Amino acid sequence: MSEVLNIALPKGRLGQRVYNLFEQAGYYCEDLKIGEGRKLIFNNKELNINFFWVKPSDVHVYVERGAADVGAAGKDILDEYSPDVYELLDLKTGICRMAVAAPENFVEDPEKVLRVATEFPNIAAKYYAGLGRDIDIIKLKGSLEIAPIIGLADVIVDIVETGTTLRENKLIIKDEIMQISARLIANKSSFNFKFKRINDLINKLASLNI
Ligand code: PRP
């Protein structure tokens, strides 16, 4: 029997899309019903695979430390945390953008330090350093759109997918920082020691015509 393959998938919308790809590629688990129940570990004994259902921003931690051999993480997370993992394949799902957004009537004063609310301080810092702009980063963990409306920040650096959240909070995109999609990542030693298994997975996912 081949070695066990441990796969970390991000819970939520992105995980559903990524799991569908794994399923199409033949990596499935009968009792894995996403969004139902509270179970977080699933296995398929015949295929000798385990799925771990983890927080999207934790996938790279499981993979970097070898608790999972492979995983799926957004390019935003990989750029923000720079984990020591191999990035193997663009899964071309979970496509969105990292953008700067502000209230419709916001006029930037270049003389003042710009207050930037974000969940991605490293991405924001790098972007504004490239522009030579002084900023004050306000690190938040969600619902960023509120910050510029109630005066906590001037702008936000956040993920935009459909644009609905910005629209409903009367914010507009000022600049796009990067395109984002989900990536297949692997633990570096797993990639060596389980090369055949991981390579089979890459080939099957890559042949899906995604
Ligand atoms: C993300 C992001 C935006 C929203 C963008 O939030 O932070 O708020 O999605 O999506 P849209 O362009 O399709 O409206 P998420 O739903 O992950 O929750 P969060 O606010 O807790 O980060």
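Look up a bit, the structure's there.
What counts, and at which threshold
- Residues numbered from 1 in each chain as written.
- Predicted model: local features only at pLDDT ≥ 70, side-chain atom pairs only at ≥ 80, totals over all residues.
- Heavy atoms only, no water.
- Pairing = 2+ DSSP bridges.
- Helix = DSSP H or I, 4+ residues; strand = E, 2+ residues; numbered from the N terminus.
- Axes fitted to C-alpha atoms, helices over the stretch in contact; angles between N-to-C directions.
- Contact = heavy atoms within 4.5 Å.
- Buried < 20%, exposed > 50% of the residue type's maximum accessible area, 1.4 Å probe, protein only.
- Phe/Tyr/Trp six-rings, centres within 6.5 Å; stacked < 30°, edge-to-face > 60°.
- Near = heavy atom within 4 Å.
- Polar contact = N/O pair within 3.5 Å; in protein donor to acceptor, adjacent residues only side chain to side chain.
- Areas by Shrake-Rupley, 256 points an atom, 1.4 Å probe, with all protein chains shown as cover.
- 1 Å grid on protein atoms, 1.4 Å probe; cavity = no way out; pocket = protein on both sides within 12 Å on 5 of 7 lines; lining within 4 Å.
- Sits in = over half its atoms within 2 Å of the grid points.
- Nonpolar A, V, L, I, M, F, W, Y, C, P; charged D, E, K, R; others polar.

Observations concerning the sheet that holds strand β7 (residues 114–118)
Read across the open sheet, the 5 strands follow the order β8-β7-β9-β6-β10; overall the sheet is mixed. For this open sheet the edge positions go to β8 (135–139) and β10 (171–180), each flanked by a neighbour on one side alone. Averaged over neighbouring strand pairs, the angle between their axes works out to 25° when direction is ignored. Of the strand pairs in this sheet, β7 and β8 are connected by 5 bridges, and their pairing is parallel. Looking across to β8, one finds that T118 is bridged to K139. Relative to the sheet, helix α4 (residues 121–131) contacts β6 (96–103), β7, β8, β9 (155–160) and β10, its axis offset from that of β8 by approximately 165°.

Let's talk about unusual backbone geometry
In the Ramachandran plot, S82 falls in the positive-phi region, its phi being about 40° despite a non-glycine side chain. Topologically, S82 is positioned in the loop between α3 (75–81) and β5 (86–90). Even without a glycine there, the phi angle at K170 is positive, about 55°. Looking at the element boundaries, K170 is found in the loop between α6 (164–168) and β10. Note on K170: relative accessible area 57%, which makes it exposed.

Things to note about the packing of aromatic side chains
A complete count under the given rule lists 5 aromatic pairs for this structure. Ring centres of Y19 and F51 lie 5.5 Å apart, and the angle between their planes is 80°; this geometry places the pair in the edge-to-face category. Placement of the pair is Y19 in helix α1 (residues 13–24) and F51 in strand β3 (residues 49–54), with a sequence separation of 32 residues. Given the relative accessible area of 3%, Y19 is considered buried. Classification of F51 by relative accessible area gives buried; the value is 0%. Seen in terms of ring centroids, Y86 and F191 are 5.3 Å apart; in terms of plane orientation they differ by 70°. Their pairing is edge-to-face. Here Y86 is found in strand β5, whereas its partner F191 is found in helix α7 (residues 188–193), with 105 residues between them in sequence. Grouping aromatic residues by their ring pairs yields a cluster made of Y19, F22 and F51.

Observations concerning the sheet that holds strand β1 (residues 5–10)
Spatially, 6 strands are ordered β2-β3-β1-β4-β11-β5 in an open sheet, and the strand pairing comes out mixed. Of all the strands in the sheet, just β2 (41–44) and β5 have a single pairing partner and so form its edges. Direction aside, neighbouring strands of the sheet carry axes that sit 25° apart on average. Strand contacts of α1: β1, β3, β4 (70–74) and β11 (182–186), with the helix running at about 145° to β1, the strand carrying the most contacts. Packing against the sheet, helix α8 (residues 195–206) makes contact with β1, β3, β4, β5 and β11, and its axis sits at approximately 25° to β5.

A short note on the site of the ligand
Surveying the vicinity of the ligand reveals 13 residues, the closest of which are E145, E161, T162, G163 and T165. Here an oxygen atom of the ligand sits 3.1 Å away from a polar atom, N or O, in the side chain of E119. Interatomic distance of 2.5 Å between a side-chain N/O atom of T162 and an oxygen atom of the ligand. When the ligand is considered free in solution it has 490 Å² of accessible area, and contact with the protein chains removes 68% of it. Among the detected pockets, the ligand sits in the largest pocket. Elements with a contribution of two residues or more to the shell around the ligand: β9 and α6. Across the shell around the ligand, the residue classes tally to 2 nonpolar, 6 polar and 5 charged.

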